[in-house]
Every structure is written in C-alpha cells, then in structure tokens.
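Examining the three-dimensional arrangement
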Amino acid sequence: MARGYWIGRVDVTKPESYKNYVAANGAAFAKFGGRFLVRGGGFESVLGTSRERNVVIEFPSYADALACWNSPEYQDARAKQEGGAEIDLIVIEGYDGVQPGQTAAPVPPNPASE
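Looking at an unreviewed UniProt entry, the protein chain carries the name DUF1330 domain-containing protein, with the source organism given as Methylobacterium oryzihabitans.

1. Remarks on the environment of Asn-20
Counting through the fold element by element, Asn-20 comes out in helix 1 (residues 15–31). Excluding residues within four positions of it along the chain, Asn-20 makes contact with Lys-80 and Glu-82.

2. A few points about the environment of Phe-59
Summarising the element assignment, Phe-59 is placed in strand 3 (residues 53–59). It is 8.4 Å that separates the C-alpha atoms of Phe-59 and Phe-29, two residues lying 30 residues apart in sequence.

3. Focus: the nonpolar core
If you look at the biggest cluster of nonpolar residues, it comprises 16 residues, and the most contacted ones within it are Trp-6, Tyr-21, Phe-29, Ile-57, Phe-59, Cys-68 and Tyr-74. When contributions to this core are tallied by element, the ones reaching two or more residues are strand 1 (4–12), helix 1, strand 3, helix 2 (62–70) and helix 3 (72–79). Considering each element in turn, this core owes the most residues, five residues, to helix 1.

4. A look at the UniProt feature "domain: DUF1330" (unreviewed entry) in the protein chain
When the UniProt feature table is mapped to this numbering, "domain: DUF1330" (unreviewed entry) covers residues 4–95. Along residues 4–95, the helical share is 37% and the strand share 33%, with 9 Å between the first and last C-alpha atoms.

The rules behind each value
- Residues numbered from 1 in each chain as written.
- Predicted model: local features only at pLDDT ≥ 70, side-chain atom pairs only at ≥ 80, totals over all residues.
- Heavy atoms only, no water.
- Helix = DSSP H or I, 4+ residues; strand = E, 2+ residues; numbered from the N terminus.
- Contact = heavy atoms within 4.5 Å.
- Core = buried A, V, L, I, M, F, W, Y, C linked by side-chain atoms within 4.5 Å.
- Buried < 20%, exposed > 50% of the residue type's maximum accessible area, 1.4 Å probe, protein only.
- UniProt positions renumbered as here; feature names shortened; annotations may be inferred.

Encoded structure:
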C-alpha cells in the first residue's frame, strides 16, 4: 500500500499565532502515524514560485493522511493558527511502482515468512 503525504508551502504572517498551531498539531500527526520528512530547512527555488517554509509529512497510507486532515484534532490545531500563515497544501498518494533502472517494482518482505 502506498504511503500518503502532506506537502505544504508556508509563509508565516503572524509568528505568535503560528506558534500556537505548531504547539497543537502534533497530537493529530501522532494519532494518524504522521512523521516529518521536511520541516523548514534550507532550500533553493530552482523553478516557479516558493514560500518561506516547506513541510513534507509522511503517513502510513493516503487514507491516514486524509483522515488526519479531516480529524477534529487537526482542525482544532488549525483553528489556533488564527490566520497566522498563508499555506498551500496538498494531500497526495505515494508511488510504489517501478523506479528508474528497475525492471519490476520491489516486492515488500512478507513478515509471516520470516
């Protein structure tokens, strides 16, 4: 099953309000198995537009990523942001298929046979 991801681009407009959101969002991410792959950090915009911060959160599945977005826990955290940021966010399904240089997609190990 393909993992799910949140990919966000953020301009913080009210730092104090945004801090309230950051302090509250972890409960929702933990509940749905989310983990940060990118959280701020340096970057170079090589094509198109960008925002000042970038975030990538990985979830066990696309369904988990959507469930987190729709959860009361996340919506409560989001409300604490109080307009503190301009955000572009997508929820996207990962890809488990053939990669460059491969002739077939890797077969995940079967825990029952180990």
